[in-house]
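A look at the structure
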Amino acid sequence: MNNALTRVLLVEDDPTDAGLIRDALANAAGWAFHVEWVRKQATALERLGKAAVDVILLDLSLPDGQGLAVFDKISRAAPRALILVLSGANDEALARAAVERGASDYLAKGAVDAHWLPHALRYILDRKASQDAQRDSEEYFRAMSDASPLGIFVSDAQGNCVYTNAAYQKISGLDFEQTLGTNWSMAIHPDDRLRIVAEWRDAVRGQEAFQTEVRFMRKDGTIVWTRLNAAAMPDGPSSRGRVQTVEDITERKAADLELQLTREELFQEKERAQVTLNSIGDAVLCTDIAGKVTYLNLVAETMTGWSLAEALGQPLSDVFRIIDGATRQPADNPAQRAIAENRVVGLATDSVLIRRDGIESEIEDSSAPIHNRDGRVAGAVIVFHDVSESRAMAQKMAHLAQHDFLTGLPNRLLLTERFSRAIGQAQRHHKQVALLFLDMDYFKNINDSLGHVIGDQLLQSVAKRLGECIRTTDTVCRQGGDEFVILLAEIERQQDAAQVAEKLLAALLVPHRIAGNELHITLSIGISIYPDDGSTADAVMQNADTAMYYAKAKGRNNYQFFTPEMNTRAIQRLSVENNLRRALKHGEFELYYQPKIDIASGIMTGAEALIRWQDPTLGLIHPGQFVAIAEECGLIVPIGRWVLHEACRQVQAWLDFGLQAVPVSVNISALEFRHLKFLEGVASILQETGLAPRYLELELTESILMHEAEASAQVLEKLKAMGLQLAIDDFGTGYSSLSYLSRFPIDTLKIDQSFVRDIARNADDAAIVSAIIGMGKNLQQRVVAEGVESSEQLAFLKTQRCDEAQGFLFNHPLPAGDFSRLLGTRTLLSTPPA
Ligand SMILES: Nc1nc2c(ncn2[C@@H]2O[C@@H]3COP(=O)(O)O[C@H]4[C@@H](O)[C@H](n5cnc6c(=O)[nH]c(N)nc65)O[C@@H]4COP(=O)(O)O[C@H]3[C@H]2O)c(=O)[nH]1
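These numbers come from a predicted model, not from an experiment.

Comments concerning the sheet that holds strand 22 (residues 483-491)
Here we have five strands laid out as an open sheet, ordered 21-22-20-25-26, and mixed in their pairing. Across the chains shown, the open sheet's two edge strands, defined by having one partner strand only, are strand 21 (475-480) and strand 26 (558-561). Mean inter-strand twist for the sheet, computed between neighbouring axes without regard to direction, equals 20 degrees. The pairing of strand 20 (residues 432-440) with strand 25 (residues 523-530) spans eight bridges and is antiparallel. Bridge pairing links D439 to S524 in strand 25.

Here's what the structure looks like:
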């Protein structure tokens, strides 16, 4: 600085004063002053406009300017120059006023000498330079601290704030002035203040730098999380004060909190997943992309026999060993496929899992790829469950759906399926398919009289025999009730079917031993052939059914091949049904009466009413041609009611006519007997016709009575209580229980004509007839032999002391008019048999 040239502008109008000053500066030793001298304010301003100067020596009394106005103009023109006012003896006050306005100092012109002036000038120049440097340094510091993201709080030894930077002001929400003089804890959140003060004291005591995390609370209530550092400013052994830096960590804190929450959520999520996976019934197994096991839930542990700890990191193929149930070969690894194909894949349908201890279980389910955050496949999950039970159940259900539960034979559903298949094969191989429709003869009698349990066992026994008569490629099916169907796949000729039918009939000749009973049962078989008798399964089945009816009609225990004429007769059957309705409506029925004779005396004891149908075109039709059809279609109920009414009306008419009428028996079919209003109907008919009940006898077959024998007994009791006579018709053909027979209030047993027919020739029949007669006597029932056609028969019956007889030997059934003539005579046996 000493050697630097100091540019001096001397503004002085007095040449003497100016000369003194210039000489003093020019001769200054060690300093170089370059002095320019101007006399006027205007000249000075012009000069300052051209180039800067370091010092202005300014006289305030100039020819073109006076006083402070001169100072103001010159200092504006040279703001960075140092201005020294030159004052005369009388204007020192003016000079001081100029100093107050910014002049660096003033010089009394009288005191100027060559030694002092350069020194004074240099001193003022140095002081200004040092002041400028300090101001610059403060400005640097302020600029630097304001640029800092850290808040800065400086306090003095008493703890009062002397400085805060912009960042601190932003954090605290206070401006510079508001922070000055305050205590550092002022902006701290009230809830943190106690803690922070305690920490601060400890730190101060230990002379340590203090660091903590603390919340600031602004006046508007917003909270700023900060990291606070405080350090003492040492001043020898004591401290001049402290500096605190405050870092805004609100965002980091929020991020920390979020992270913590996320971790918590993640934990809970994991926990939830874990619990869920362990509580579901399915087994879950995970692998990484290399096929190493990463997870097993509890079910998977049980099913594989591996614990999670043991399985972790093991190859999937060791832990999850699956084979194809059908081939027993190792099955495809589903996880590998899910990873390779990046999609959900199902297991093969009959996969079998082999547990670690070798136990096998059938499993079912699927595998899906697991993706990482980038969407890339990172492994796979296999979900599987044991389907051994459900597969077994499904198989059982499928079997049940296709088989008859009683006999275990295929049912109609399976037969239809096999039949369709057989038709397809027969077409390809140019063969035929035979369908045999089987119906057990008189099964109903056995079922009704011996009960369902024995009936069921008989069905099982028959089913077994049928099965033994056919090839494995054929099918025996139970159609329902006592009907069976046999499918003979691929036969060459009709004769093959005939042979099987004969074999079946022969197989049933041997009696069935069931619950101590020896049961005989025969079959009626209808045969229909594909393609000759029908082009569809339904048509062939229908025709076999029709043929079976013909076998029945032909006396049962035989087989019949279907012929197209049979269908014509089936249609006729339908027309019989329609005609029966018409007959009922138009009164085409008539009753014939056949007498019953007391064998010992030959006197008529009663008569049986037998229905006839007088068809306008076909003439007289016998019950054998229509009663069964009327029973099948339910028309027997109104027809039976008509019969009862007509019989009662007729007997009452004979009585009213003064004839010696006899009791009349009426056949009652099963459907009528079980009809809810049967008793009511009988009572109302008796009332309507006015007939005394003792003139009416009801004939019921064994099978009607044995079916629900308990209920039958009750109805019989009620009928008996009404005063009616009761007879068992066709006795010997059914399977009566003797205990019931003795309990039923029966008056008469009518021996079936099939036994009577051969009594003279067949010892068995004779034995049966005499046994029935003996039994009837023991039970105090009258015994009537039906169908007596010859005197030999009558003679035998007499020797056996049979009570009564009925048959062509005495009379055919007669129309009411003819019968009334008989009533006059009463004695029908002119000569009692020997
Ligand atoms: N071969 C032979 N037959 C003889 C002899 N004496 C009588 N008959 C016949 O044997 C049948 C006896 O009647 P059923 O056993 O009750 O058998 C009856 C009965 O079960 C039923 N039936 C007849 N009328 C009715 C009726 O009004 N209602 C019901 N539900 N069924 C009836 O129809 C069956 C047949 O009746 P019908 O044709 O009248 O046949 C009668 C009768 O004409 C004989 O010496 N030799």
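Description of the site of the ligand
Surveying the vicinity of the ligand reveals 19 residues, the closest of which are R612, D729, Q753, E789 and F808. Here N667 contributes a side-chain N or O atom positioned 2.9 Å from an oxygen atom of the ligand. The separation between an oxygen atom of the ligand and a polar main-chain atom of F808 is 2.8 Å. For the ligand, whose unbound accessible area comes to 780 Å², protein coverage reaches 81%. Elements that contribute at least two residues to the shell around the ligand include exactly strand 28 (604-615) and strand 32 (725-731). Residues that form the shell around the ligand fall into these classes: seven nonpolar, six polar and six charged.

A look at unusual backbone geometry
Look at the link from Y530 to P531: it is a cis peptide, with omega at 5 degrees. By secondary structure assignment, the location of P531 is in the loop between strand 25 and helix 19 (537-553). At H430, a position not held by glycine, the phi torsion is positive, near 55 degrees. Judged by relative accessible area, which is 73%, H430 ranks as exposed. If you check the backbone angles, Q780 has positive phi at about 55 degrees while not being a glycine. Along the chain, the position of Q780 falls in the loop between helix 29 (763-778) and strand 34 (782-785). Classification of Q780 as exposed rests on a relative accessible area of 71%.

Considerations on the pattern of salt bridges
Per the stated rule, a full pass over the model turns up 52 salt bridges. The closest approach of N and O atoms between D496 and R493, which form a salt bridge, is 3.0 Å. Overall, R493 belongs to the partly exposed group, its relative accessible area being 46%. Ionic pairing is found between E688 and R641, a salt bridge with its closest N-O pair at 3.9 Å. Placement of the pair is E688 in helix 24 (residues 678-689) and R641 in helix 22 (residues 636-657), with a sequence separation of 47 residues. Look at the salt bridges and you will find they share partners, linking E213, R227, R252, K253 and D256 into a network.

Quick look at the confidence of the model for the protein chain
Scored by pLDDT, the protein chain comes out at a mean of 89, with 98% of its residues at no less than 70. Looking over the protein chain, one finds the lowest element-wise mean pLDDT in helix 27 (residues 738-743), namely 78, and the highest in strand 30 (residues 664-667), namely 98. Contacts for the low-pLDDT stretch residues 830-834, under 50 throughout, to residues beyond four places or in other chains number six contacts. With pTM at 0.47, the complex prediction returns an ipTM value of 0.97.

Considering the nonpolar core
Among soluble globular proteins, nonpolar side chains are generally buried collectively. F673, L719 and F819 are the most contacted members of the largest nonpolar core, which has 80 residues in total. Setting aside its immediate chain neighbours within four residues, F819 contacts Y593, Q594, P595, M604, A607, W654, V662 and L814.

Description of the packing of aromatic side chains
Here a ring pair, both rings aromatic, is described through the centre-centre distance and the interplanar angle of the planes. In the structure shown here, the tally under the stated rule is 14 aromatic pairs. For the pair Y163 and F176, a centre-to-centre distance of 6.1 Å together with 65 degrees between the ring planes defines the contact as edge-to-face. Of the two residues, Y163 is situated in strand 9 (residues 161-164) and F176 in helix 7 (residues 176-179); the sequence distance between them amounts to 13 residues. Note on Y163: relative accessible area 8%, which makes it buried. Residue classification places F176 among the partly exposed residues on the basis of a relative accessible area of 24%. Ring centres of Y593 and F819 lie 5.7 Å apart, and the angle between their planes is 35 degrees; this geometry places the pair in the tilted category. Remark: F819 occurs in helix 31 (residues 816-825) and Y593 occurs in strand 27 (residues 589-598); sequence separation between them is 226 residues. Exposure class is identical for Y593 and F819. Each is buried. The ring of Y442 has R556 sitting right over it, with the charged end atom 4.6 Å from the ring centre. The residue whose ring lies beneath R612 is Y592, and the NZ or CZ to ring-centre distance is 5.2 Å.

Some points on the sheet that holds strand 10 (residues 210-217)
In sheet architecture, strand pairing relies on hydrogen bonds along the backbone and comes in two forms, parallel and antiparallel. Within the open sheet, the five strands sit side by side as 9-8-12-11-10. Their pairing is antiparallel. This sheet does not close on itself; its edge strands, each paired only once, are strand 9 and strand 10. The mean angle between the axes of side-by-side strands here comes to 25 degrees, regardless of whether they run parallel or antiparallel. Each of strand 10, strand 11 (223-235) and strand 12 (238-248) is contacted by helix 9 (residues 250-279), which is oriented at about 130 degrees to strand 11, the strand it contacts most.

Section: the environment of L415
Position of L415 among the secondary structure elements: in helix 15 (residues 412-429). Between the alpha carbons of L415 and V476 there is a distance of 8.2 Å; along the sequence they are 61 residues apart. Excluding residues that lie within four positions of it along the chain, L415 makes contacts with T475, C477, Q479, V485, L487 and M541.

Procedures and definitions
- Residues numbered from 1 in each chain as written.
- Predicted model: local features only at pLDDT ≥ 70, side-chain atom pairs only at ≥ 80, totals over all residues.
- Heavy atoms only, no water.
- Pairing = 2+ DSSP bridges.
- Helix = DSSP H or I, 4+ residues; strand = E, 2+ residues; numbered from the N terminus.
- Axes fitted to C-alpha atoms, helices over the stretch in contact; angles between N-to-C directions.
- Near = heavy atom within 4 Å.
- Polar contact = N/O pair within 3.5 Å; in protein donor to acceptor, adjacent residues only side chain to side chain.
- Areas by Shrake-Rupley, 256 points an atom, 1.4 Å probe, with all protein chains shown as cover.
- Nonpolar A, V, L, I, M, F, W, Y, C, P; charged D, E, K, R; others polar.
- Buried < 20%, exposed > 50% of the residue type's maximum accessible area, 1.4 Å probe, protein only.
- Salt bridge = Lys/Arg side-chain N within 4 Å of Asp/Glu carboxyl O.
- pLDDT = per-residue confidence, 0-100.
- Contact = heavy atoms within 4.5 Å.
- Core = buried A, V, L, I, M, F, W, Y, C linked by side-chain atoms within 4.5 Å.
- Phe/Tyr/Trp six-rings, centres within 6.5 Å; stacked < 30°, edge-to-face > 60°.
- Lys NZ or Arg CZ within 6 Å of the ring centre and 35° of its normal.

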